[in-house]
Amino acid sequence: MSGKRNAGILLLLLTAVGMSAAGCARFGAADGIRPHSVSAPMPKIPAGLEKFYTQSIRWKDCGENLKCAKVTVPLDYRNPAGQTIKIAVKKRLAAGKAIGSLLVNPGGPGGSGQEMAAGAKEYFSDSILHSFDVLGFDPRGVGQSSPVDCLSDRDLGKILEASYPQDEAGEAQKTADVKKIAAGCKEKSGALLGFVGTENAARDMDVIRHTAGDPRLYYVGYSYGTSLGGTYARLFPENVGRMVLDGAVSPSATEFEKNSAQLKGFENSLDAYLKDCLSAPKLCPFKGSVEQARQKIKYILKSALRTPIPTSDPNRPATQSALMYGIITALYDNKLWPLLSQAFDSVLKNKGADAMMFLFDAYTGRGADGFKNNSMEANWAITCADTPAGGDARDWKEKSAQLAKISPVFGEIQGYDEEICANWPYRAKQRQEKYHVSLSAPVVVVGTTGDPATPYQWAKEFAADLSNSVLITWEGQGHTAYGRSTECVRKPIDKYLLEGTVPKNLICPAK
């Protein structure tokens, strides 16, 4: 399970229920402020990488107010004279006079920064859009940046929808599917798999910064994007400018610890949704107490394991896995709760699971004509490049039992193993550690107390790990805060990005 704030998912789903992903009320732009001072010297280029940092970028029109280009980087930074790859970048031009570039990443791993740049108005206020070129990139292995490829759309869809009974046959089928994924990735993507990790992507960010002409990196990263930002800060502490890291991912938690925290977070978010739903009984598909509603959902999920729920497509009934991820998708943002209620209402009234499949397809990036992106395959590849597989089948079974207790609704279905990375053709050598960075400029970390995907505790740990940081807390529900919460969060961050005014540690109420 990944933490991501994906513009494609949220825009698609929010459009379906007639909502906007972010409020974009404008406050005064910083007239005359130029944080990317033309007199500031460019940082020293790392030895041996001169041709990459000084390359000429050819920008082409690729939409209204949009420019696109490809940046050449080494496949392996330890061997810059060897093979190269192309990183796809997209720039949304500032509405006014640009004071510099604002590099962005929506999360994942596997989310497209190009899509985020194109949809920048759903993330940022008019003041930010007036004064910055919003620069998005697809991290290596993602989207249009030497994308990882593993399976045909047919095989990928079949595996993502698969549900596995907790018996010998189910375990055997799951192992066969995992091996099919790993073998397909090795065959189709080869040596690329060994170089798609976060550290290499962060090095790409520094090349992008330099080719854009920015002496310091100005950056907004959500969810997994905080891992990119933290890794960049560790590698290039003197190059850090104004950086906003929202929905922080723990840099040192084990995969089991991450899974435990996320499943507990989604369980808590489900309770928050049900409490809100039951407070308006005329609109809520459930009756009785929160616990009674939870038991009803558990029954629906358990029944779907053996008998998937019909949809309008007779070839794609909603499996247990599809239902679970459909529910989880709507818990990423409380603005999607009305759509989740509609989906449950349809299932409970035997009208089918089309709405649930819509949510599930949005999560996996699937469209009417196949998968629109490679986010799922890239997620596997980057995760396995970053994280050594640990444990064995016995250990995973014990941890699965723990997850079932931590998360009674989702834990038993999700289970636990590191089987994909254990079968991966290229193994990570060591686990990521805490950043322990002394920064040249203050950064802003943002945490949401009701965040299911990146628990608030991670934001506190992340901020403590960066020597020069402040923490803005939003006491709300859903994944991330900047751009989707309140003015209390947005205004001080906007002012920080535009003027360099560092906010104090701040707690913002839900409303």
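From a predicted model like this one, the values you see are computed outputs, not experimental measurements.

Definitions and cut-offs
Residues numbered from 1 in each chain as written. Predicted model: local features only at pLDDT ≥ 70, side-chain atom pairs only at ≥ 80, totals over all residues. Heavy atoms only, no water. Pairing = 2+ DSSP bridges. Helix = DSSP H or I, 4+ residues; strand = E, 2+ residues; numbered from the N terminus. Axes fitted to C-alpha atoms, helices over the stretch in contact; angles between N-to-C directions. Contact = heavy atoms within 4.5 Å. Disulfide = S-S within 2.5 Å. Buried < 20%, exposed > 50% of the residue type's maximum accessible area, 1.4 Å probe, protein only. Salt bridge = Lys/Arg side-chain N within 4 Å of Asp/Glu carboxyl O. Phe/Tyr/Trp six-rings, centres within 6.5 Å; stacked < 30°, edge-to-face > 60°. pLDDT = per-residue confidence, 0-100. Right-handed = clockwise from strand over helix to strand, strands pointing away. Expected span 1.5 Å × (residues − 1).

(A) Focus on the sheet that holds strand β12 (residues 443-450). Taken together, ten strands build an open sheet; the order of strands is β2-β3-β4-β7-β5-β8-β9-β12-β13-β14 and the sheet is mixed. Both edges of this open sheet fall to β2 (60-63) and β14 (506-508), since each of them pairs with a single strand only. This sheet shows a mean twist of 25° between the axes of neighbouring strands, independent of strand direction. In terms of strand pairing, strand β4 (residues 84-92) meets strand β7 (residues 133-137) through four bridges, oriented antiparallel. Looking at the pairing, Arg92 lines up with Val134 of β7. Of the strands in this sheet, β9 (240-246), β12 and β13 (469-477) are in contact with helix α18 (residues 456-465), which crosses β12 at around 160°.

(B) Highlighting the state of the cysteines. Overall, the coordinates contain five disulfides when judged by the stated rule. The disulfide bridge from Cys62 ends at Cys68, spanning 2.1 Å between sulfur atoms. The sign of the S-S torsion, about 80°, decides the handedness of the disulfide formed by Cys62 and Cys68: right-handed. The side chain of Cys277 participates in a disulfide bridge whose partner is Cys284; the two sulfur atoms lie 2.0 Å from each other. Classification of the bridge connecting Cys277 and Cys284 rests on its S-S torsion, roughly 110°, and on that basis the disulfide is right-handed. We note that Cys277, like Cys284, is buried.

(C) Inspection of the pattern of salt bridges at higher detail. For the structure shown, the criterion picks out 24 salt bridges. Here Lys180 makes a salt bridge to Asp155, at a shortest N to O gap of 3.5 Å. Taken together, the residues span a long stretch of sequence, with Lys180 in helix α6 (residues 168-189) and Asp155 in helix α5 (residues 153-161) at a distance of 25 residues. By relative accessible area, Lys180 is classed as partly exposed at 40%. With a closest N to O distance of 3.6 Å, Glu199 and Arg234 form a salt bridge. Linking Glu199 in helix α7 (residues 198-211) with Arg234 in helix α8 (residues 224-235), this pair joins segments that are 35 residues apart in sequence.

(D) The packing of aromatic side chains, seen in detail. As enumerated under the stated definition, the model contains 13 aromatic pairs in all. Between Phe132 and Tyr218, the ring centres sit 6.3 Å apart and the planes meet at 40°, which makes this aromatic pair tilted. Taken together, the positions of Phe132 in the loop between α4 (126-131) and β7 and Tyr218 in strand β8 (residues 217-222) put the pair 86 residues apart, joining distant regions of the chain. Under the relative-accessibility criterion, Phe132 is labelled buried at 0%. Through pairs of rings, three or more aromatic residues link up here, namely Tyr123, Phe124, Tyr222 and Tyr482.

(E) How the structure looks around the confidence of the model for the protein. Of the residues in the protein, 92% reach a pLDDT of 70 or more, and the chain-wide mean stands at 92. Confidence drops under a pLDDT of 50 for residues 14-34, and excluding neighbours within four residues, the segment shows 52 contacts in the predicted structure.

(F) Molecular detail of α5. Within the sequence span of α5, burial applies to Asp155, Leu156, Gly157, Ile159, Leu160 and Glu161. Buried residues belonging to α5 abut α6, α11 (320-331), α13 (354-364), β10 (366-367), β11 (370-371) and α14 (375-386).

(G) Geometry of the environment of Val196. Tracing the chain through its elements places Val196 in the loop between α6 and α7. Classification of Val196 by relative accessible area gives buried; the value is 1%. Setting aside residues up to four positions removed in sequence, Val196 forms contacts with Arg140, Gly141, Val148, Ala381, Ile382 and Ala385.

(H) Region of interest: the pairing of β12. Most of β12 is tucked away: seven of the eight residues are buried. Pairing geometry for β9 and β12, over three bridges, is parallel. Across the sheet, residue Asp246 finds its bridge partner in β12, namely Val446. With seven bridges joining them, β12 and β13 adopt parallel strand pairing. Opposite Val444, over in β13, you have Val470 as the bridge partner. Taking the sense of rotation as the criterion, the β-α-β connection linking β12, α18 and β13 turns out right-handed.

(I) Representation of α11. In a regular helix each residue adds 1.5 Å, so twelve residues correspond to 16 Å; α11 covers 17 Å between its end C-alpha atoms and thus fits that length. For α11, the buried fraction is high: twelve of the twelve residues fall into the buried class. Three or more residues of α11 are buried, namely Gln320, Ser321, Ala322, Leu323, Met324, Tyr325, Gly326, Ile327, Ile328, Thr329, Ala330 and Leu331.

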